[in-house]
Amino acid sequence: MASVDECRQALQELAARLDRNAETVRERIDLDRTLACRITDLETAFHGRISGGRLIELTDGDDPKAKIALSTSSDDLLALVRGDLDVTGAVTSRRVSIKANPFDLMKLRKLL
């Protein structure tokens, strides 16, 4: 099981990766939504906002009103961010749960 700090670091790495790609993605994807990432085995959460192809305002704590909510274990979060776990396969196998409207899911998939 990964630690809370490792999960926070993984999300910060994801934010940095999205930031590097934001210029090319922003033109193709119009997505401005709140995001909650719930780590089930650690009983903790992080939240932020996806805007302009970037993950911004990332902070500790849950946002129960988030428009996009991802739930997964700490190890699966790290594997997703590293690219060792395919998002589609993880959702299909129920290792990851993503709650969002279908249009947001399509845009989010292009972003990742």
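What you are looking at is a predicted structure, and each value in this text was computed from that prediction instead of being measured. (Residues numbered from 1 in each chain as written. Predicted model: local features only at pLDDT ≥ 70, side-chain atom pairs only at ≥ 80, totals over all residues. Heavy atoms only, no water.)

Enquirer: Would you explain the overall build of the chain in this entry?
Expert: In terms of helices and strands, the chain carries 4 helices and 5 strands. Counted from the first residue to the last, the chain has its helices and strands arranged as α-β-β-β-β-α-α-β-α. By sequence separation, contacts in the chain at least 24 residues apart represent 65% of the contacts at least 6 residues apart. Split by element, the accessible area of the chain, about 6800 Å² in all, is 49% carbon and sulfur. Charged side chains of the chain number 18 positive and 19 negative; the gap between the two group centres comes to 7 Å. (Helix = DSSP H or I, 4+ residues; strand = E, 2+ residues; numbered from the N terminus. Contact = heavy atoms within 4.5 Å. Areas by Shrake-Rupley, 256 points an atom, 1.4 Å probe, with all protein chains shown as cover. Lys, Arg positive; Asp, Glu negative; His and termini not counted. Charge placed at Lys NZ, Arg CZ, Asp CG, Glu CD.)

Enquirer: Looking at this structure, how should I read the pattern of salt bridges?
Expert: When the charged atoms of two side chains lie near each other, side chains of opposite charge can form a pair. The full count for this structure, using the stated rule, is 8 salt bridges. Asp-104 is paired through a salt bridge with Arg-33; the nearest N and O atoms lie 2.8 Å apart. Note that Asp-104 is positioned in helix α4 (residues 102-111) and Arg-33 in strand β1 (residues 32-39), a separation of 71 residues in sequence. Judged by relative accessible area, which is 3%, Asp-104 ranks as buried. When the shortest N-O distance is used, the salt bridge between Arg-38 and Asp-62 registers 2.9 Å. In this pair, Arg-38 sits in strand β1 while Asp-62 sits in the loop between β3 (54-60) and β4 (68-72), placing the two residues 24 residues apart along the sequence. Residue Arg-38 is classed as partly exposed on the basis of its relative accessible area of 23%. A relative accessible area of 39% means that Asp-62 is categorised as partly exposed. Salt bridges linked by common partners bring Asp-5, Arg-8 and Asp-60 together as one network. (Salt bridge = Lys/Arg side-chain N within 4 Å of Asp/Glu carboxyl O. Buried < 20%, exposed > 50% of the residue type's maximum accessible area, 1.4 Å probe, protein only.)

Enquirer: I keep staring at the nonpolar core and nothing clicks. Help me out?
Expert: What tends to happen in soluble globular proteins is that the nonpolar side chains get buried as a cluster. Formed by 26 residues in total, the largest nonpolar core has its most connected members in Cys-7, Cys-37, Ile-39, Ile-50, Leu-55, Leu-77 and Leu-108. The biggest single contributor to this core is helix α1 (residues 4-26), with 6 residues. Discounting residues that sit within four places of it in the chain, Leu-77 has contacts with Cys-7, Leu-11, Cys-37, Ile-39 and Thr-72. (Core = buried A, V, L, I, M, F, W, Y, C linked by side-chain atoms within 4.5 Å.)

Enquirer: Would you take a moment to explain α4 for this structure?
Expert: One turn of the α-helix equals 3.6 residues, which is why residues spaced by three or four share an orientation. All buried positions along α4 are accounted for by Asp-104, Leu-108 and Leu-111. The buried residues of α4 occupy one face: seen down the axis, they fall within an arc of 55°. Opposite the buried face of α4, by more than 90 degrees, sit the exposed residues Pro-102, Phe-103, Met-106, Arg-109 and Lys-110. Between a side-chain oxygen at the N-terminus of α4 and the backbone nitrogen of Phe-103 the separation is 2.9 Å; the capping residue is Asn-101. (Arc of directions from axis to C-beta. Polar contact = N/O pair within 3.5 Å; in protein donor to acceptor, adjacent residues only side chain to side chain.)

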